[in-house]
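Remarks on the overall topology
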Amino acid sequence: MILKIVQAGDTALRKKAKQLTRAQLAKPETQQLIDLMIATLRDRPGVGLAAPQVGESLRIIIIEDKTEYHEKVSDEMLIAQSRKPVPLKVIVNPVLTIISPADKSELYFEGCLSVDGYAAVVPRARAVKVTGWDRHGKPLTVTADGWFARILQHEVDHLNGDLYIDTMISRTFMTDKQYSKDWAKASPDKLVKFIAKTALSDKKEQNK
Ligand code: ZN
C-alpha cells in the first residue's frame, strides 16, 4: 500500500509535529506507518519523507538515497554536493544541530514531494548532527555532510511546519520540467553564475 502525500496548502504540513513516546513507537500501527512511509518514498521515488507529509503529525523522518538516483546528476555536481548513497534511515524524534556553516551558504536545487512538480535553490548548512531514536527506540546519532546533511535539514524542517519554499531563493523557483531541461546535468560552475545573476537582479528590485 502506498500513502497519499499531502501537498502545499494542506494544514498538516504547517503544524509542529508531536514527539513520540517509546510506547507509542512500539505500537503496531506506528510500525506499520513507518513501513508504509518507506514503501511510499520508494514508490515515488524520493530521498526523504517526513510523517506530516502523509498527514501524520508525528516526529518521524525517513531517508534513503540510492546510487541509481544519482544517474540524473552530473558527476561534477555529485562531487560538489558531496552526494553519496545513503542506506535507509528511520529517525524518530530527531534533534538537529548545525555543525557548519552557521550561515547556511550551500546553494543547490532541491525539490519536495509535497511541492510536487517544482524545484528551487535553497541555502543549507554543509554539515549537521542529528540525534534521535531508530524505529525500535534505540538512541542514534548521525553526523552528515553534503547532500545527506541537506536532506536531514529538509526533513526536520517538515516536523516544524517549514517547507523549502519558505527559505528558497525565490527567483530560482521553477517547474521540474524546466529544471530537467536546464539544470539536471548542469555543472556546478553554471549554477554559481546563475545564482549570482539571480541574486543581483534581486538586489536591483530592492533598490528600486
Ligand atoms: Zn519535503
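Just so you know, these numbers come straight off a predicted model, no measurement behind them. Going along each chain's sequence as written, the residues are numbered from 1 onward. With the structure being a predicted model, the display of local features is reserved for residues of pLDDT at least 70 and the display and counting of side-chain atom pairs for 80 or more, all residues being used for whole-chain, interface and lining totals. Side-chain measures here rest on the full set of heavy atoms in the structure, leaving out hydrogens and waters.

**Some thoughts on the overall build of the protein**
We count it as follows: Runs of H or I in DSSP of at least four residues are treated as helices and runs of E of at least two as strands, each being numbered from the N terminus. Atoms considered for the radius of gyration are the C-alpha atoms alone. The globule rule reads 2.2 Å times the number of residues to the power 0.38. Working definition: with a 1.4 Å probe on protein chains only, accessible area under 20% of the residue-type maximum means buried, over 50% means exposed, and in between means partly exposed. Each accessible area is a Shrake-Rupley result for a 1.4 Å probe, and residues are judged covered by the shown protein chains and nothing else. For the purpose of charge, His is not counted, nor are the chain termini; Lys and Arg are scored as positive and Asp and Glu as negative. Working definition for charges: the position is that of NZ of Lys, CZ of Arg, CG of Asp or CD of Glu.
A tally of regular secondary structure across the protein gives 6 helices and 8 strands. Moving toward the C terminus, one meets the helices and strands of the protein in the order α-α-β-β-α-β-β-β-β-β-α-β-α-α. The C-alpha radius of gyration computed for the protein amounts to 17 Å, which stays within 12% of the reference 17 Å derived for 208 residues, consistent with globular compactness. In terms of overall dimensions, the protein has a C-alpha envelope of 55 × 35 × 35 Å along the principal axes. When burial is assessed residue by residue, the protein has 49% of its 208 residues classed as buried. With the model as given, the accessible surface of the protein reaches about 10700 Å², and the carbon-plus-sulfur share is 54%. Of the charged side chains in the protein, 32 are positive and 26 negative; the average position of the first set lies 3 Å away from that of the second.

**Examining empty space enclosed by the protein**
So the rule is basically this: The way it works is a 1 Å grid over only the protein atoms, where trapped points that fit a 1.4 Å probe form a cavity and open points with protein on both sides within 12 Å along at least five of seven lines form a pocket, and then any residue with an atom within 4 Å of a point lines it. Grid points are joined across faces, edges and corners, and a volume is the space filled by probe spheres set on the points. In the scheme used here, Gly and all other residues not listed as nonpolar or charged are polar, with Ala, Val, Leu, Ile, Met, Phe, Trp, Tyr, Cys and Pro taken as nonpolar and Asp, Glu, Lys and Arg as charged.
All chains considered together, the criterion is met by 1 cavity of 30 Å³ or more. Estimated volume of the largest cavity: approximately 50 Å³. In terms of lining residues, the largest cavity is bounded by Q81, E106, Y108, R124, A125, R126, G146, W147 and R150. Counting residues per element, the lining of the largest cavity draws most heavily on helix 4 (residues 146–159), which supplies 3 residues. A breakdown of the residues in the lining of the largest cavity according to their chemical character gives 3 nonpolar, 2 polar and 4 charged.

**Some points on the sheet that holds strand 6 (residues 127–133)**
This is how it is decided: DSSP bridges decide pairing: two strands pair if at least two such bridges lie between them. Angles shown run from 0 to 180 degrees and are taken between the N-to-C directions of axes, each axis being a line fitted to C-alpha atoms and, for helices, limited to the stretch in contact.
Pairing is antiparallel across the open sheet formed by 5 strands, whose spatial order is 1-2-3-6-7. Since the sheet does not close on itself, it has two edges, and those belong to strand 1 (48–50) and strand 7 (139–145), each with one partner. The sheet shows a mean angle of 40 degrees between the axes of neighbouring strands, direction not considered. Bridge analysis of strand 1 against strand 2 (residues 60–65) gives 3 bridges, and the strand direction is antiparallel.

**Structural notes on the sheet that holds strand 5 (residues 118–124)**
The following threshold applies: What makes two residues a contact is simply this: any of their non-hydrogen atoms within 4.5 Å.
Across the sheet, 3 strands lie side by side as 4-5-8; this open sheet has antiparallel pairing. Pairing within the sheet leaves two strands with one partner each, and these edge strands are strand 4 (106–110) and strand 8 (174–175). Here strand 5 runs beside strand 8; their pairing, made up of 2 bridges, is antiparallel. Across the sheet, A119 pairs through a bridge with M174, a residue of strand 8. Across the sheet, helix 4 lies against strand 4 and strand 5, angled at about 70 degrees from strand 4, the strand it touches most.

**Focus: the side chain of D157**
On the secondary structure map, D157 appears in helix 4. Taking the relative accessible area as the measure of exposure, D157 reaches 19% and is therefore buried. The residues contacting D157, other than those within four sequence positions of it, are R124 and D162.

**Quick word on the layout of surface pockets**
By volume, the largest pocket amounts to about 920 Å³. Lining the largest pocket are 34 residues, and of these P45, V47, K72, E110 and G111 sit closest to its centre. Taken together, the elements giving at least two residues each to the lining of the largest pocket come down to strand 4, strand 5, helix 4 and helix 5 (176–182). Classifying every residue of the lining of the largest pocket by side-chain character gives 18 nonpolar, 8 polar and 8 charged.

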